[in-house]
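# Fold and geometry: a report
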Amino acid sequence: MSDYFNETHEQVRQTARKFIETHVRPHIDDWEEAAEFPREIYKLAGDAGLLGIGFPETLGGIGEGDIFMKIAVSEELMRSTSGGFVASIGSLDIGLPPVAKWAKQGIREQIVPPVLRGDKIAALAVTEPGGGSDVANLKTRAVKDGDHYIVNGSKTFITSGIRADHYTVAVRTGGEGHGGISLLLIDKGTPGFTTGNKLRKMGWWASDTAELFFEDCRVPADRLIGAENAGFIAIMSNFLAERLSLSIMAYMTAQIAYEAALDYTRQRQAFGRPVAGFQVTRHKLVDMATQIDIAREYTYRCAALMQAGKNPIKQVAMAKNFAVDVCEKVTREAVQLFGGMGYMRESVVERLYRDAKILSIGGGTTEIMKELIAKQIRL
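These numbers were taken from a predicted model, which means no experiment stands behind them. (Residues numbered from 1 in each chain as written. Predicted model: local features only at pLDDT ≥ 70, side-chain atom pairs only at ≥ 80, totals over all residues. Heavy atoms only, no water.)

### A word on the packing of aromatic side chains
To describe a pair of aromatic rings, one takes the distance between the centres and the angle between the planes. How we decide: Two rings from Phe, Tyr or Trp (for Trp, the six-membered ring) form a pair when their centres sit within 6.5 Å of each other. Planes less than 30 degrees apart are called stacked, planes more than 60 degrees apart edge-to-face, and all others tilted. To qualify as a helix, a DSSP run of H or I must reach at least 4 residues; to qualify as a strand, a run of E must reach at least 2; elements of each kind are numbered from the N terminus. Think of it in three bands: residues with accessible area under 20% of the maximum for their type are buried, residues over 50% are exposed, and the middle band is partly exposed, with areas taken using a 1.4 Å probe on protein chains only. Each ring is checked for a lysine NZ or an arginine CZ that lies within 6 Å of its centre and within 35 degrees of its normal; such an atom marks a charge sitting over the ring.
For the coordinates displayed, the defined rule picks out 13 aromatic pairs. Seen in terms of ring centroids, Tyr 4 and Tyr 300 are 5.6 Å apart; in terms of plane orientation they differ by 70°. Their pairing is edge-to-face. Here Tyr 300 lies in helix α10 (residues 279–307) and Tyr 4 lies in the segment before α1 (7–24), a separation of 296 residues in the sequence. Under the relative-accessibility criterion, Tyr 4 is labelled partly exposed at 24%. You can call Tyr 300 buried: its relative accessible area is 3%. By way of ring pairs, the aromatic residues Tyr 4, Phe 5, Phe 68, Tyr 251 and Tyr 300 are connected into one cluster. Positioned above the aromatic ring of Phe 278 is the side chain of Arg 273, whose terminal nitrogen or guanidinium carbon lies 4.0 Å from the ring centre. Above the ring of Trp 205, the side-chain terminus of Arg 354 is found at 3.8 Å from the ring centroid.

This is the structure:
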C-alpha cells in the first residue's frame, strides 16, 4: 500500500527475494546452529548487486541517494528470518561508508570495489569493553610515529569481527572527548592486530561477533580516514543510516513473527476450533498488525526526510525506539500464541524473540535515543 517505492525498487526487491529464497532460506536453520554461514554467500550477494546499493558507481556501487532501494532490499534480506545473517552480510553498510566518503582516493579505489563484489568483507570497530554507547570516551589510542600510527587497545562486540578483511577502527589521536577521535582503516594480518574467539550470544547466532586486540599495531598513516581528530563527526553521520536500518530490522522481525502467528493460529485447533477463532486471539493479532504498520510507515517517513537532504536525528531516534518496542511486544505475543511450540528451537518465532532484544541495544541504546530526543526538543 506504500507509495514510496517505484518500479525499479520493486525489481530490485524481487532480485533480493529470489536471492534469499534460493541461497539462504533452505540453509538458514543449519547456519544458525553452526553460528556462521559460508563466506561465498557474500560473493553471491555481490553478484546479485545487493551489496553495492548506496555506494558510488565510480567505486563499483549501484549509486548513492536512493534510500528506498536500500529499504526494499533490507526488508527482503530480513525474510531470511535471521537478524544475525542480515547483520553480518550487511556489516559493510557501517564499515565501508567512511572509507568511501573520506579515505584517500587510492585507498578508496583499492578497498571499496572488492567489498562491493563480495570478495572482501568490511567491518566497523567502535565499541570497547566498558564503553558501550559512550563513544566520546573510547580508550584505544593511536600515536603518530613517522609515517605510521602505533595503535594500542581493544574493541568488542564487533560484527564480522572474525572474518572481516578490513576494519574501520575508531581510535584516540588527540585529547579527551569527542574532539580527539580519528578513524583508521586496519587490515586483517597487520602485525600487532589479533582477533579473539567468536563471542556466544543470546541471539543473532549466525552473526560472527568478536573482540579485537591491538598491541603496538603499526598502521600506515595514509590509512587515516578523513582528517585527524575529526572521526567523531564521521561516526555520528554513520549512525543515522545505521539506526534507520535497525528500525527496518525491528518492524520486519515483528512482521515475520506476526505472519507466523497468523498462520499458526489459523491451523492450530483448540477446544474444537482454530485458535484464531477466539476473540482474544483475533484482538491480539489486530494489535500486532496495527503496531507494525505504524512502525513501518513512520520509518518510511524518516527515510523520506533523509532522501530530501534533511538530518532527522530526532525522528530516526523515535522511529528506532518505537519500532524496537513494537518488535519486542509482537515477538513476545507470537511466542505466546504458539504456546509450547513457540518455546522450541524448531519454531521461527523462538529465534525472532531472541533476536529482537539486541535491537534496543545496537546503534545506541533505547536510553541513549531518549537522551538524543530530549536534546532535540530542548528538555
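The rest of the description comes next.
### As for unusual backbone geometry
One non-glycine residue, Asp 216, lies in the positive phi region at around 50°. If you check the backbone angles, Phe 271 has positive phi at about 55° while not being a glycine. Checked against the element boundaries, Phe 271 lands in the loop between β9 (269–270) and β10 (273–274). Phe 271 sits in the exposed class, given a relative accessible area of 82%.

### Focus: the side chain of Glu 75
Position of Glu 75 relative to the elements: it lies in helix α4 (residues 67–77). Among the residues examined, Glu 75 registers a relative accessible area of 4% and is labelled buried.

### Looking at the pairing of strand β2 (residues 141–145)
We apply this condition: Think of it this way: DSSP has to see at least two bridges between two strands before they count as a pair.
Where β2 meets strand β3 (residues 148–159), five bridges bridge the pair, whose relative direction is antiparallel. Its bridge partner lying in β3, Arg 141 is registered against Asn 152. From the end of β2 to the start of β3, which pair antiparallel, there are two residues, and Gly 146 there has a positive phi angle of about 65°.

### What about the nonpolar core?
Soluble globular proteins tend to bury their nonpolar side chains together. Put simply, the rule reads: Nonpolar core, defined: a set of buried Ala, Val, Leu, Ile, Met, Phe, Trp, Tyr and Cys residues in which side-chain atoms within 4.5 Å join the residues together. Two residues qualify as a contact provided that any one of their heavy atoms is within 4.5 Å of a heavy atom in the partner residue.
Ranked by size, the top nonpolar core spans 117 residues in total, and within it Phe 85 and Leu 96 carry the most contacts. Considering each element in turn, this core owes the most residues, 20 residues, to helix α9 (residues 231–267). Contacts of Phe 85, omitting those with residues within four sequence positions, involve Phe 19, Ile 20, Val 24, Ile 28, Trp 31, Phe 37, Ile 41, Ser 80 and Ala 206.

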